[in-house]
Amino acid sequence: MNDSPKIPLNQILYGPPGTGKTYHTINKALEILLDKQGQELEAEIRKAFEALKLEIPQSSQAGIEREVDDKIRAEKTNRAYAKLLFDYYKDQGRIGFVTFHQSYGYEEFVEGIKPEMNGKKKTSEQVRYKVEDGIFKRMCKGARDLESSHDKDHKTPNQVEQSMAVQESVDSYIDRLFEHFIDFLRKEKEQNGHYGLVKLKGGDTLEITSTEPKTFRFKYPKGKEVKNTASKKTVKDKYKEFYTSHIQHGKVPELEDIGKGTKSYIWAMLNAMMEFEQKHSKIQQSIQTTNTPQAPTQIPYILIIDEINRGNISKIFGELITLIEESKRIGEEEALEVSLPYSKESFGVPKNLYILATMNTADRSIALLDTALRRRFSFVEMMPEPSLLSTDCAGADLQALLEAMNARIEFLLDRGHTIGHAYFLGLDSLKGLQDCFKNKIIPLLQEYFYDDHAKVNAVLNANGMLKDKNMDGTLQRLLGDFIDTDKKIYQITETSAWGVDTFKAIYGGASQKEEQIASSAPATQNANP
């Protein structure tokens with residue numbers, strides 16, 4: 001039995017930029033697909049990697065082998081395994097990935113009317129329009145029926161093996177469920193004198209008069225025996241055939257889908273068996289016997305939404321925002337379905353579709369996001385982890401550096417605007433550190449503080465990366481009447497001049513200004529009386 005905690009169906013990984021939110025979606029997705037966590041997940045990834053006979057590309061393998069640190073080499077190897085397995089499941093349709101943005105809408109996410117050119121000559125007269133499914137609708141369809149998400153004639157050997165394993169689980173479950181169903185009908189006979197009542201598609205009610213030896217027989221409650229029968233084998237086989245696509249989600253297929261023969265009576269028995277299963281599922285947890293059939297676990301599907309806060313949630317999800325709630329998923333007691341506006345199809349969200357999203361807390365466009373999503377999503381905070389950084393990057397302690405800057409940012413802004421550790425991962429030289437601050441850190445701080453360079457300078461502990469820009473005499477005479485005499489203008493100093501001490505000044509010792517004051521102060525001499 002798996003003792004892993006239940007994974008929420010809807011999750012948002014949120015935090016400042018550079019904390020690895022998108023990076024961690026790979027492991028989060030594999031946790032769901034493999035139903036493992038921690039070290040067990042690493043072992044399961046390797047096991048699946050070998051079983052699928054995947055191979056790390058030579059270019060990546062060469063980079064891993066060049067790593068001299070055994071720990072880092074092992075981490076890179078595990079990451080390569082995870083990424084390849086993630087890509088494999090993505091190619092199979094088990095994982096979908098989308099990034100929200102301001103112009104993204106319902107038509108791209110759920111369904112929309114799209115133009116299609118008809119014929120070889122692409123003239124305006126030959127344009128026709130069709131309803132095209134978006135990624136969310138496609139993932140829901142795939143989650144409802146594994147077989148429907150891929151063409152059976154174009155399956156890989158691994159897909160075939162996977163489908164066979166799922167079907168074997170379904171077959172075994174339904175065989176045992178059918179036995180319990182027959183036992184239930186026999187008990188009905190003992191109590192009521194007949195094996196129960198069923199309804200035909202047209203609405204007529206019939207009594208089941210016999211379940212032996214190979215057929216179900218019927219009669220009208222106050223009438224004569226019905227000539228038509230329903231084969232027990234056919235009922236069970238049809239239940240297996242339509243289980244994942246219809247019955248598991250509380251629906252019976254249409255008569256034309258069942259085939260030839262006494263399909264109306266087969267439909268009635270499928271419906272009766274489905275109702276029995278639904279009642280049975282509510283009490284099976286309290287029946288602690290090995291003979292009790294347990295429904296097979298549905299195969300999880302995952303939709304990853306990157307930068308979910310950058311999209312207009314109401315515009316993208318529309319009426320479907322209600323359907324993603326766990327209690328409103330297909331198969332739950334409070335399940336809901338809606339009619340889609342373009343295709344007019346009845347649509348619901350299956351309970352084996354996981355939505356995994358990321359959210360940048362430093363983005364200024366998230367003010368109203370929590371109101372729309374908080375109740376429907378579990379939020380997982382991801383904050384900077386300085387412990388992952390080097391303590392000796394050309395002599396600078398990156399851990400202390402990041403902690404010092406983030407402590408100041410928290411006081412000047414808030415913890416949602418701190419700087420993530422990912423900006424500093426992999427830095428091993430002074431040149432790399434200089435480029436990181438020039439091209440990433442200082443521009444980010446300028447964005448945070450709306451170009452208030454005095455606060456940017458405070459975060460840097462006045463370490464000399466920024467300096468005051470003085471007005472010359474001409475500018476002073478021209479602008480003196482229009483500007484505040486106390487106003488300071490800052491400019492970024494020459495990057496090549498930033499030595500190791502410049503970076504050390506961020507987290508330790510006096511600022512450059514304090515050092516200048518101290519060096520210019522007169523030395524105090526001891527006075528003897």
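Residues numbered from 1 in each chain as written. Predicted model: local features only at pLDDT ≥ 70, side-chain atom pairs only at ≥ 80, totals over all residues. Heavy atoms only, no water.

1. Let's talk about the overall build of the chain
Part 1 of the reasoning: Along the chain, the regular secondary structure elements total 18 helices and 15 strands.
Part 2 of the reasoning: A total of 529 residues make up the chain; the buried ones form 41% of that total.
Part 3 of the reasoning: Considering only contacts within the chain whose residues lie at least 6 apart along the sequence, 66% involve residues at least 24 apart.
Part 4 of the reasoning: As displayed, the chain offers around 29,900 Å² of accessible surface, 49% of which is attributable to carbon and sulfur atoms. (Helix = DSSP H or I, 4+ residues; strand = E, 2+ residues; numbered from the N terminus. Buried < 20%, exposed > 50% of the residue type's maximum accessible area, 1.4 Å probe, protein only. Contact = heavy atoms within 4.5 Å. Areas by Shrake-Rupley, 256 points an atom, 1.4 Å probe, with all protein chains shown as cover.)

2. So, the pattern of salt bridges
Part 1 of the reasoning: All chains considered together, the criterion is met by 20 salt bridges.
Part 2 of the reasoning: Here Lys141 makes a salt bridge to Asp133, at a shortest N to O gap of 2.9 Å.
Part 3 of the reasoning: Overall, the relative accessible area of 36% leaves Lys141 in the partly exposed class.
Part 4 of the reasoning: Its relative accessible area of 21% is what places Asp133 among the partly exposed residues.
Part 5 of the reasoning: Salt-bridge contacts for Lys240 lead to Asp175; the nearest nitrogen and oxygen are separated by 2.8 Å. Remark: Asp175 occurs in helix α7 (residues 157-192) and Lys240 occurs in helix α8 (residues 232-241); sequence separation between them is 65 residues.
Part 6 of the reasoning: Exposure remark for Lys240: the relative accessible area of 15% places this residue in the buried category.
Part 7 of the reasoning: The class for Asp175 is partly exposed, based on a relative accessible area of 28%.
Part 8 of the reasoning: Within this structure, Glu111, Asp133, Lys137, Lys141 and Glu345 form a network of salt bridges that share partners. (Salt bridge = Lys/Arg side-chain N within 4 Å of Asp/Glu carboxyl O.)

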